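Chain by chain, the residues:
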Amino acid sequence: SYSDENGNWYRKYKSGWVEQGGVITVSKTSYNIPVNFLKPYANSNYALACNYTSPSSYASSTATTNSDTATRIACATNRHTTTGFYLSQSIVNTKTKWYACGQGAEE
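Below: a short report on this structure. (Residues numbered from 1 in each chain as written. Predicted model: local features only at pLDDT ≥ 70, side-chain atom pairs only at ≥ 80, totals over all residues. Heavy atoms only, no water.)

## What to know about the pairing of strand β3 (residues 17-26)
For step 1, the next point in the chain: Within β3, seven of the ten residues are buried, leaving the element largely enclosed by the surrounding structure.
For step 2, the next point in the chain: Where strand β2 (residues 9-12) folds back onto β3 in an antiparallel hairpin, the turn is made up of four residues, including G16, whose phi is positive at roughly 100 degrees.
For step 3, the next point in the chain: Pairing of β3 with strand β8 (residues 94-103), which is carried by ten bridges, proceeds in the antiparallel orientation. By the bridge assignment, G22 is partnered in β8 with W98. (Buried < 20%, exposed > 50% of the residue type's maximum accessible area, 1.4 Å probe, protein only. Helix = DSSP H or I, 4+ residues; strand = E, 2+ residues; numbered from the N terminus. Pairing = 2+ DSSP bridges.)

## Describing the nonpolar core
For step 1, the next point in the chain: One finds I24, F37, F85, L87, W98 and A100 to be the most contacted residues of the largest nonpolar core, which totals 14 residues.
For step 2, the next point in the chain: Every element with two or more residues in this core is listed here: β3, β4 (30-36), β5 (47-54), β7 (84-89) and β8.
For step 3, the next point in the chain: Element by element, the count of residues in this core is highest for β3, at three residues. (Core = buried A, V, L, I, M, F, W, Y, C linked by side-chain atoms within 4.5 Å.)

## Remarks on the environment of A100
For step 1, the next point in the chain: Take A100: it is sitting in strand β8.
For step 2, the next point in the chain: With relative accessibility at 0%, the residue A100 sits in the buried group.
For step 3, the next point in the chain: Counting along the chain gives 78 residues from A100 to G22, while the straight-line C-alpha distance between them is 9.4 Å.
For step 4, the next point in the chain: Non-local contacts of A100, meaning those with residues more than four positions away in its chain, are made with V18, E19, Q20, F37, Y41, Y46, A47 and L48. (Contact = heavy atoms within 4.5 Å.)

Below you can see the structure in the form of structure tokens.
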């Protein structure tokens, strides 16, 4: 397992299953924020979720696969690979948390 002071982390189990996550600070509207995994996955059949934690005036919400219009945040999973994904974000000055889990690539 691993974690750093920026909120990025991973846990790899003996079975090869990998859980990982992190925090991205978004400073401007962007539809192509690359997020690289700390550990790659064996294939693109992993679960992925994102939510933002600030500003507090917006309710936290989870978005997967498509844009969540209520919160204007999306994990652009149509552009995901075994090594990362692209985040679409239209609320500026937010911290977005992400979490992914699935079978890890063999090392």
